[in-house]
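Each chain, written out:
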Amino acid sequence: MHHHVLPGDWISAEGPPYPEMNGRCVITVGDLGEFGIVARIAGRLPQGETVLLGPGDDAAVVSAPDGRVVVTTDLLLEGRHFRRDWSSGYDIGRKAAAQNLSDVVAMGAHPTGIVVGLGMPADVGTGWLDDLADGFRDECDLVGASVAGGDTTRCDLVVIGVTALGDLRGRAPVTRSGARPGDVVAVAGRLGHAAAGLALLQAGPAGGLGGAAEGLGGAAEGLDGVAGEPGGPAGGVRGLVDAHRRPRPPYACGPQAAELGATSMLDVSDGLLQDLGHVSKASGVGIVLDPGAFTVTPEMERAARLLGADPVEWVLTGGEDHALAATFPRDVRLPSGWTVVGRVVRGSGVQVEGRAPERGGWDHFRE
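Summarised in this report is the structure supplied together with it. Keep in mind that what you see is a predicted model, and the values were worked out from it rather than measured.

1. Things to note about the pattern of salt bridges
According to the stated counting rule, one finds 16 salt bridges in the structure shown. Measuring nitrogen to oxygen at the nearest pair gives 3.2 Å for the salt bridge that ties Lys-95 to Glu-320. Taken together, the residues span a long stretch of sequence, with Lys-95 in helix H2 (residues 89-105) and Glu-320 in the loop between helix H10 (311-317) and strand E12 (323-328) at a distance of 225 residues. Using a relative accessible area of 4% as the deciding quantity, one classes Lys-95 as buried. Among the salt bridges present, the one from Arg-171 reaches Glu-259, with a minimum N-O distance of 3.4 Å. Placement of the pair is Arg-171 in the loop between strand E8 (159-167) and strand E9 (184-188) and Glu-259 in helix H7 (residues 253-260), with a sequence separation of 88 residues. Linked through salt bridges whose partners overlap, the residues forming this network are Arg-44, Asp-130, Asp-134, Arg-137 and Asp-138.

If you want it as structure tokens, here you go:
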């Protein structure tokens, strides 16, 4: 982890008066202006060895030792992908970086850097902006990548566009089209936790869960009472809510799967059923999943009972944990980070043993 000397809340003495909050000056991004925003963000973003030229020029320069560059991009809109009353700026920065870095490792590549496009209202506080930048930085730090640059503009809502870059280090990319009948289907990382956390936040006081909709959304406190955890911290339940706010992709498992000979792989961003459907279609195969192979934690069981939900449904259709799903030849010995959950067969589509066929997952233009 990098250590930083962070710039303070600097502002020109010639600037306009600023509002007071709790006796201290509150500076907004509108007060800083575009170039002040860029300077402030750049001051919080040290550059790693893969970045040859960082923020401050017309474009950044990032090394690509392999000669090929893995590129992915994602867009997050306030109110659709995150809420500022549910997630801190730091959480949002971590999440925005994570979902793009996860796509890079899903190709079997090593992330090298990201660039960020940021639109936000002028009244956003600089403290929130600092937290957002720190979230980007710390998530990238997990994989040895850097925030190499970006752009800012004024916008009615917070809009975040992230483009991530990666290096294959001499290996072929692991795509969605290589699965073969006889392969096993395995997953790495958490499934269903973020979906459970989102359901708890959405229920809030309206779901009879007690408390306020802020912080833990009220749901966690109500769940504790029902679960009968006297006086203890809501570690497991808070973990579900935090899983929605801040995913934990299994970054190391992507390149590891490539080294093990994975025949296909993807990031589970829209739900396991829907995403494995892409593998099925691209590879021209069928996939059969064993619901008994999935992990449903006691916290997920308790949350499901309280909300009247099916926790296996969260596992099969929740995507924001950014787990990895891959297919491997059946003779490959998988390390502990991977769990076999199904098999590849001749045919088409994704089936779950013992369950009727269903459409599950997130479609941005149908929900």
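2. Considering the layout of surface pockets
Taken as a whole, the second largest pocket spans an internal volume of roughly 510 Å³. If you trace the second largest pocket, you find 26 residues lining it, with Val-38, Pro-55, Gly-149, Gly-150 and Asp-151 closest to the centre. Ranked by residue count, the leading element in the lining of the second largest pocket is strand E7 (residues 146-154), at six residues. Looking at the lining of the second largest pocket residue by residue, the class counts come to 17 nonpolar, five polar and four charged.

3. Comments concerning the nonpolar core
Within the largest apolar cluster, 51 residues are counted, with the highest numbers of intra-cluster contacts made by Ile-114, Leu-118, Met-120, Phe-136, Ile-160, Phe-328 and Trp-338. The leading source of residues in this core is H2, at seven residues. If you look at the next biggest cluster of nonpolar residues, it comprises 35 residues, including Ala-179, Val-187, Leu-200 and Val-241.

Definitions and cut-offs
Residues numbered from 1 in each chain as written. Predicted model: local features only at pLDDT ≥ 70, side-chain atom pairs only at ≥ 80, totals over all residues. Heavy atoms only, no water. Salt bridge = Lys/Arg side-chain N within 4 Å of Asp/Glu carboxyl O. Helix = DSSP H or I, 4+ residues; strand = E, 2+ residues; numbered from the N terminus. Buried < 20%, exposed > 50% of the residue type's maximum accessible area, 1.4 Å probe, protein only. 1 Å grid on protein atoms, 1.4 Å probe; cavity = no way out; pocket = protein on both sides within 12 Å on 5 of 7 lines; lining within 4 Å. Points joined across faces, edges and corners; volume = space filled by probe spheres on them. Nonpolar A, V, L, I, M, F, W, Y, C, P; charged D, E, K, R; others polar. Core = buried A, V, L, I, M, F, W, Y, C linked by side-chain atoms within 4.5 Å.

These figures capture arrangement, not role.
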